[in-house]
Structures are given as structure tokens and as C-alpha cells.
Amino acid sequence: MQIGGVPVKRLLVALLLIAVVAPLAPAAGQAAEPSLTIGVVDPIPALDPAASMSFFDWDVLSTLSTGLTWQIPGTAEYALALAAGHEVSADGLEHRFTL
């Protein structure tokens, strides 16, 4: 079977390739690198996440001051944030972070 002189099988393969590849390309005018935009309506009173008084202040400041690890919300567990790797010595006294 053909549509406009092109075999249907070839059309289906072309459409499948477009559907898979198109979402991988950035849209026109879109930055190629990921970005983060956080909007606030009030000034942030302090630049210390520990001293922030509201969830919104804490959210902005904790995003700006990301460390090597971050605490998984609701647990006492930590995961890597800016560090690429983490090794602990046998005695537990030395921690080595790979950046």
C-alpha cells in the first residue's frame, strides 16, 4: 500500500523517528543548558538558610546554597548533591568526596 507514491511502512518509520528525536532538541529560543527560575514577592531577610523564617525563604536559600550532600526529605538519610562520589574510611573518621 502506498500514500502519495511512498510506501506506508516507510512513512511509519519516518514518523516514529521524528516522534523519538524531536523531543530531544531544544525549542527555538530555549537555552540549551537547564535553568532554574524562582520568583518571590517579598525580599529575603537573611542569606542564611538556618535563619530563614518561612518556607519560601528557606526554599530559595537552600537552592542557592547547595552543599556536597542533601538530606532526603522526611528521612535521616543523605544523598549526593554537588559531590560525584563519597567514600568513608574503615574507621569512619575520614570522608572523601569526589567532585
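The structure this text deals with has already been given above.
S.K.: I'm lost on the overall build of the chain in this one. Help?
M.R.: Helix and strand counts for the chain come out as two helices and six strands. Along the chain direction, N to C, the helices and strands of the chain fall in the order β-β-α-α-β-β-β-β. Taken across its 99 residues, the chain has 6% of its residues classed as buried. Counting only contacts in the chain whose residues sit at least 6 apart along the sequence, the fraction spanning at least 24 positions is 8%. Working note: accessible area of the chain is about 8600 Å², and carbon and sulfur atoms make up 65% of it.

S.K.: Explain the environment of serine 54 here, please?
M.R.: Among the secondary structure elements, serine 54 is positioned in the loop between helix 1 (8-21) and helix 2 (55-64). Residue serine 54 is classed as partly exposed on the basis of its relative accessible area of 29%. Here the alpha-carbon distance between serine 54 and isoleucine 44, two residues ten residues apart in the chain, equals 9.6 Å.

S.K.: Which parts of the structure should I look at to understand the pattern of salt bridges?
M.R.: It is possible for side chains of opposite charge to pair when their charged atoms get near one another. Inspection of every chain in the model, using the stated rule, returns one salt bridge. Between arginine 96 and glutamate 94 there is a salt bridge whose closest N-O contact spans 2.9 Å.

S.K.: What is the right way to look at the pairing of strand 5 (residues 85-88) in this model?
M.R.: Within a regular strand, side chains alternate between the sheet's two faces. Sheet analysis places strand 5 next to strand 6 (residues 95-98), joined by four bridges and oriented antiparallel. When the bridges of strand 6 are listed, histidine 86 appears paired with phenylalanine 97. Here strand 5 folds back onto strand 6, and the loop between the two strands holds six residues, one of which, glycine 92, carries a positive phi near 80 degrees.

Rules used in this analysis
Residues numbered from 1 in each chain as written. Predicted model: local features only at pLDDT ≥ 70, side-chain atom pairs only at ≥ 80, totals over all residues. Heavy atoms only, no water. Helix = DSSP H or I, 4+ residues; strand = E, 2+ residues; numbered from the N terminus. Buried < 20%, exposed > 50% of the residue type's maximum accessible area, 1.4 Å probe, protein only. Contact = heavy atoms within 4.5 Å. Areas by Shrake-Rupley, 256 points an atom, 1.4 Å probe, with all protein chains shown as cover. Salt bridge = Lys/Arg side-chain N within 4 Å of Asp/Glu carboxyl O. Pairing = 2+ DSSP bridges.

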